[in-house]
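Structural overview
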Amino acid sequence: SVGANGNFINNTSENFLNTTNEIFGTTPSIETRDQLTDSESKQNEVSANIEYRIPLKEKLFIDLGYRFANRRERSDRRVFDFDAGTNAYDDFNQSLSSDLKVNFQTHSPTIGINYETEKLYLGVTTGLLFSELENEEFIQNTSVRSTFSDVSVNSYMRYRIKQGMSVYFNYNTRTQAPSAQQLQPVANVSNPLNITVGNPNLNREFAHDFYANFNNYDFKSKSGFFIWLNGGFTNDKIVPLSVTDENRIRTTTFTNVDGVYRVSGGGSLSKKIKRDSTSLRFRVGLYGNANKEQNFSNGVKFSTKRNTITPSARMTYNYKELLEIEPRYSLSFNTIRYSLDNLSNETFQSHNVGFKTTTFWPKKIVFGNDLRYTYRTNVAPGFERGALFWNMSLGLKILKDKGTIKLTAYDLLNQNINTRRSVTADFIQDSQSTVLQRYFMLGFTYKLSKVGGDKNRFEMH
């Protein structure tokens, strides 16, 4: 097999900057900028691969392969100061201008083994990954070249124990080169209070990822359970490094760090009980994640650990296809731990309670109500911790039940305050934004069946 892929992007822009930065204190100063920035960026990516399969036995194969990939970037940023004498932007500012070329190419010879049976599908491919990162700055006359040698792995396994029961696992590695903006060694002062400058000595990122699950589900009875685990860690992760000076001007560059990981997993159990024309289905689940990030606070390296555990439960009761009741509840426990003493550790919870009812009587009439209550602990004073949402809908089936006219009322109680908590590497933010509250919507849905009486359908709204 032979394959090739290409991606080509070209962007041009003109930006005018007119700012006055006034600094007070013991050494006051005023800095005025009136500039034109003429930018052009190009990104060309091409890749090609070839693979040859050798059968050893009926279901056992050896795969020999080779992959080549090349990414070329060109970032040309020309800055011109306004010249009052000529009344034009024609005074070339060499110190803020940059013309950077980035070339990242990889070569990867691989060898793999594949075993395929009715129950087992197993594949392991490994190889050497040779990568070269080269960047050259023409205006500032600098160049950096780095080479890397890594072992690449791409493996997967799927085993079907019986109908509806299977186990799956995969593990792979991947590499990511820094972008031209992260490498560009010339300061970007489009925001005079937040200056960004790249680091031409950055390494590429190298990540390890894995995923596993076990599934035991009976589609006929709609009962069973599912367990999964996902995670990975990254070497030479590219992160921003910011320093704020005595004038509150922040300068941000980029660097590589290790010790970054993420792990998440969970499981769910579903059970359906049917008696005559009534049915009861319940589902309980548990989800959790843990991750560790490495960042910098005013030039000081620190780590952030975030953990979340979320149990949930849901039940659906259906009575003679006339009434459906669905209560649900989930609780989220969140903890954040910082390695810096001046950052406070946090623990908070989020509660979500729901109650949904749907009636299918009288005939061709569908009447629905959806109540949701959310409550968040430890939000800052002045923010509403809890809110009750009530959505109501009334639908009429027409055109032999293929069409539905539906009127929906959203947020009947007018309590949508949109309070949220955002957790970042070095701060926790509570916010409440203006959103659309109580409103109504009229819609029409029609189900189109495929030619030939196929039961597969799609809906048009």
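Residues numbered from 1 in each chain as written. Predicted model: local features only at pLDDT ≥ 70, side-chain atom pairs only at ≥ 80, totals over all residues. Heavy atoms only, no water.

1. Examining the overall build of the chain
- Within the chain, the regular secondary structure consists of one helix and 25 strands.
- What you see for the chain is a C-alpha radius of gyration of 29 Å, clearly larger than the 23 Å of a compact globule of 461 residues, by over 25%.
- In terms of principal-axis extent, the alpha carbons of the chain reach across some 85 × 70 × 50 Å.
- Looking at the chain residue by residue over its 461 residues, the buried ones come to 34%. (Helix = DSSP H or I, 4+ residues; strand = E, 2+ residues; numbered from the N terminus. Rg over C-alpha atoms; globule rule 2.2 N^0.38 Å. Buried < 20%, exposed > 50% of the residue type's maximum accessible area, 1.4 Å probe, protein only.)

2. Comments concerning the pairing of strand β18 (residues 346-359)
- Sheet analysis places strand β17 (residues 323-338) next to β18, joined by 14 bridges and oriented antiparallel. Directly across from R328, in β18, lies its bridge partner G354.
- Bridging between β18 and strand β19 (residues 365-376) involves 10 bridges; their strand directions are antiparallel. Across the sheet, H351 pairs through a bridge with Y375, a residue of β19. (Pairing = 2+ DSSP bridges.)

3. Looking at unusual backbone geometry
- A cis amide bond, omega 0 degrees, links W361 with the succeeding residue P362.
- In this structure, D411 takes a positive phi of about 55 degrees despite not being glycine.
- One can find D411 in the loop between β21 (403-410) and β22 (419-423).
- Exposure remark for D411: the relative accessible area of 4% places this residue in the buried category.

4. Description of the sheet that holds strand β12 (residues 237-244)
- As summarised here, the arrangement of the three strands in space is β9-β13-β12, forming an open sheet in which the pairing is mixed. Each edge of the open sheet is held by one strand with a lone partner, namely β9 (194-196) and β12. Strand after strand, the sheet turns through a mean of 35 degrees between neighbouring axes, direction not considered. (Axes fitted to C-alpha atoms, helices over the stretch in contact; angles between N-to-C directions.)

5. A closer look at the nonpolar core
- Ranked by size, the top nonpolar core spans 11 residues in total: L100, V102, F104, L133, F148, A177, A180, L183, L202, I238 and F254.
- Taken together, the elements giving at least two residues each to this core come down to β5 (98-116) and α1 (180-183).
- Among the elements that make up this core, the one with the highest residue count is β5 (three residues).
- With residues near it in sequence (within four places) discarded, F104 still touches A69, N70, R71, S131, E132, L133, T175, A177 and R204. (Core = buried A, V, L, I, M, F, W, Y, C linked by side-chain atoms within 4.5 Å. Contact = heavy atoms within 4.5 Å.)

6. Describing the environment of S297
- Inspection of the secondary structure puts S297 in strand β15 (residues 278-297).
- Accessibility expressed as a relative area gives 24% for S297, which makes it partly exposed.
- On a C-alpha basis, the gap between S297 and D426 in space is 7.4 Å, while along the polypeptide they are 129 residues apart.

7. Examining the environment of F440
- Its location among the elements puts F440 in strand β24 (residues 439-449).
- Distance from F440 to T147, taken between C-alpha atoms, is 60 Å for residues 293 residues apart in sequence.
- Not counting chain neighbours up to four residues away, the residues in contact with F440 comprise T408 and A409.

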